[in-house]
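Here is what each chain is made of, one letter per residue.
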Amino acid sequence: LALVFAQAGRFDDALPVLEESIAWGVANFGADDAEVGRYRALRATLLMHLGRFDDAIAEAKAGLAILGTWYGPESVHLADVLLTLGDAHGRKGQLEPVMPYLDRALICARNGDNPEMVAAIETQRTIHFVRTGDLERAAPAADALVAAAERTRGFASILNALLVRGVVAKDRKRYADAERD
């Protein structure tokens, strides 16, 4: 039910349902069970969407610790929570930890068969480079985003990637023109 609410954008409604799931998981399996780790990772994503970045980061780290213990440090099961950590830090304005989380998320995602997750991570990597003004790194990241989107075979993913790459190219040209003037 929490996922249904979240997919509908009803994060405030999803949170109490998910908190009940966490309590149930702890009571039935223990606080360090993989299922509890997944619930905590999902809770972190909901908190991030609600703008509660400190809570999201803390919850994501707790979920990551549990999931890492169960699956190992480069498991595909960690990709989503690592993406959440990078995204939450970026939205909070803490840019330093963003790339280590996103790079690790990318390694984990490539250990699975989820091209949509790889494309989502590549999107966040490109956004981070643009946000920090690192257009030299944004260009290859945008190319990697397009390649990842093509593997999804989804029209919307490909269109989004091409638009992002176009924005990066436009920003690079504008920056180069400004330096010439």
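My aim in this report is to walk through the structure given alongside it, one point at a time.

If you look at the biggest cluster of nonpolar residues, it comprises 47 residues, and the most contacted ones within it are Leu46, Leu82 and Ile121. Those elements that provide at least two residues to this core are helix 1 (2–7), helix 2 (11–29), helix 3 (34–49), helix 4 (53–71), helix 5 (79–92), helix 6 (98–110), helix 7 (115–131) and helix 8 (135–152). Looking at this core element by element, the count peaks at eight residues for helix 6. In this structure Leu46 touches Ala6, Phe11, Ala14, Leu15 and Leu18, once residues within four positions along its chain are discounted. Leu145, Val146, Ala161 and Val164 belong to the second-largest nonpolar core, a separate cluster that totals five residues.

Our focus in this paragraph is helix 7. A rise of 1.5 Å per residue sets the reference length of helix 7, with its 17 residues, at 24 Å; its end C-alpha atoms lie 24 Å apart and thus fit the reference within 8%. Among the residues of helix 7, Met117, Val118, Ala119, Ile121, Glu122, Thr123, Gln124, Arg125, Thr126, His128 and Phe129 are the ones counted as buried. On the buried face of helix 7, the contacting elements are helix 5, helix 6, helix 8 and helix 9 (155–180). Downstream of helix 7 by one or two residues, Gly133 has phi in the positive range, about 80°.

This paragraph deals with the packing of helix 7 against helix 8. As a packed pair, helix 7 and helix 8 sit with axes 8 Å apart at the nearest point and diverge in direction by 160°. Relative to helix 8, the element helix 7 lies roughly antiparallel. When you trace helix 7 past helix 8, the crossing you get is left-handed. Between helix 7 and helix 8, the contacting residues are Pro115, Glu116, Val118, Ala119, Glu122, Thr123, Thr126, Phe129 and Val130 on the first element and Leu135, Arg137, Ala138, Ala141, Ala142, Ala144, Leu145, Ala148, Ala149, Arg151 and Thr152 on the second. Split into classes, the residues belonging to the contact of helix 7 with helix 8 amount to 13 nonpolar, three polar and four charged.

Another point: the pattern of salt bridges. Note on pairing: side chains with opposite charge can pair once their charged atoms come close. All told, the structure shown has 17 salt bridges when counted by the stated rule. Close ionic contact of Asp87 with Arg91 constitutes a salt bridge, the shortest N to O distance being 3.1 Å. Here Asp87 and its partner Arg91 are both found in helix 5, four residues apart, which amounts to about one turn of the helix. The class of Asp87 is buried, set by a relative accessible area of 11%. Assessed through its relative accessible area of 42%, Arg91 is described here as partly exposed.

We now examine a nonpolar patch on the surface. A surface patch of nonpolar side chains, about 350 Å² in accessible area, is lined by Phe155, Leu159 and Leu163. Relative to the helices and strands, Phe155 is located in helix 9. For Phe155, a relative accessible area of 67% puts it in the exposed group.

Right, let's talk about the packing of aromatic side chains for a bit. Applying the stated criterion across every chain yields a total of one aromatic pair. When the ring of Trp24 is compared with that of Phe29, the centres are 5.4 Å apart and the planes differ by 80°; the resulting orientation is edge-to-face. Note on Phe29: relative accessible area 47%, which makes it partly exposed.

A separate point is the environment of Leu67. Secondary-structure assignment places Leu67 in helix 4. In this structure, the C-alpha to C-alpha distance between Leu67 and Ala6, residues 61 residues apart in sequence, is 21 Å. Leaving out residues up to four positions away in the same chain, Leu67 has contacts with Ala34, Gly37, Arg38, Ala41, Gly72, His77, Leu78 and Val81.

Helices that pack against each other are described as a pair by the angle of their axes relative to one another and the distance between those axes. Contact geometry of helix 7 with helix 9 gives a least axis separation of 11 Å together with a crossing angle of 20°. The angle between the axes of helix 7 and helix 9 places the two elements in the roughly parallel class. Once helix 7 is placed against helix 9, the crossing between them reads as left-handed. Contacts from Thr123, Thr126 and Val130 in helix 7 reach Asn160, Val164, Val168 and Asp171 in helix 9. Looking at side-chain class alone, the contact of helix 7 with helix 9 contains three nonpolar, three polar and one charged residues.

Thresholds applied
- Residues numbered from 1 in each chain as written.
- Predicted model: local features only at pLDDT ≥ 70, side-chain atom pairs only at ≥ 80, totals over all residues.
- Heavy atoms only, no water.
- Core = buried A, V, L, I, M, F, W, Y, C linked by side-chain atoms within 4.5 Å.
- Buried < 20%, exposed > 50% of the residue type's maximum accessible area, 1.4 Å probe, protein only.
- Helix = DSSP H or I, 4+ residues; strand = E, 2+ residues; numbered from the N terminus.
- Contact = heavy atoms within 4.5 Å.
- Expected span 1.5 Å × (residues − 1).
- Axes fitted to C-alpha atoms, helices over the stretch in contact; angles between N-to-C directions.
- Parallel < 35°, antiparallel > 145°, perpendicular 65-115°, else oblique.
- Left-handed = near helix turned anticlockwise from the far one by under 90°.
- Nonpolar A, V, L, I, M, F, W, Y, C, P; charged D, E, K, R; others polar.
- Salt bridge = Lys/Arg side-chain N within 4 Å of Asp/Glu carboxyl O.
- Patch = residues over 30% accessible without salt bridge, like charges linked within 9 Å, V, L, I, M, F, W, Y side chains within 5 Å.
- Areas by Shrake-Rupley, 256 points an atom, 1.4 Å probe, with all protein chains shown as cover.
- Phe/Tyr/Trp six-rings, centres within 6.5 Å; stacked < 30°, edge-to-face > 60°.

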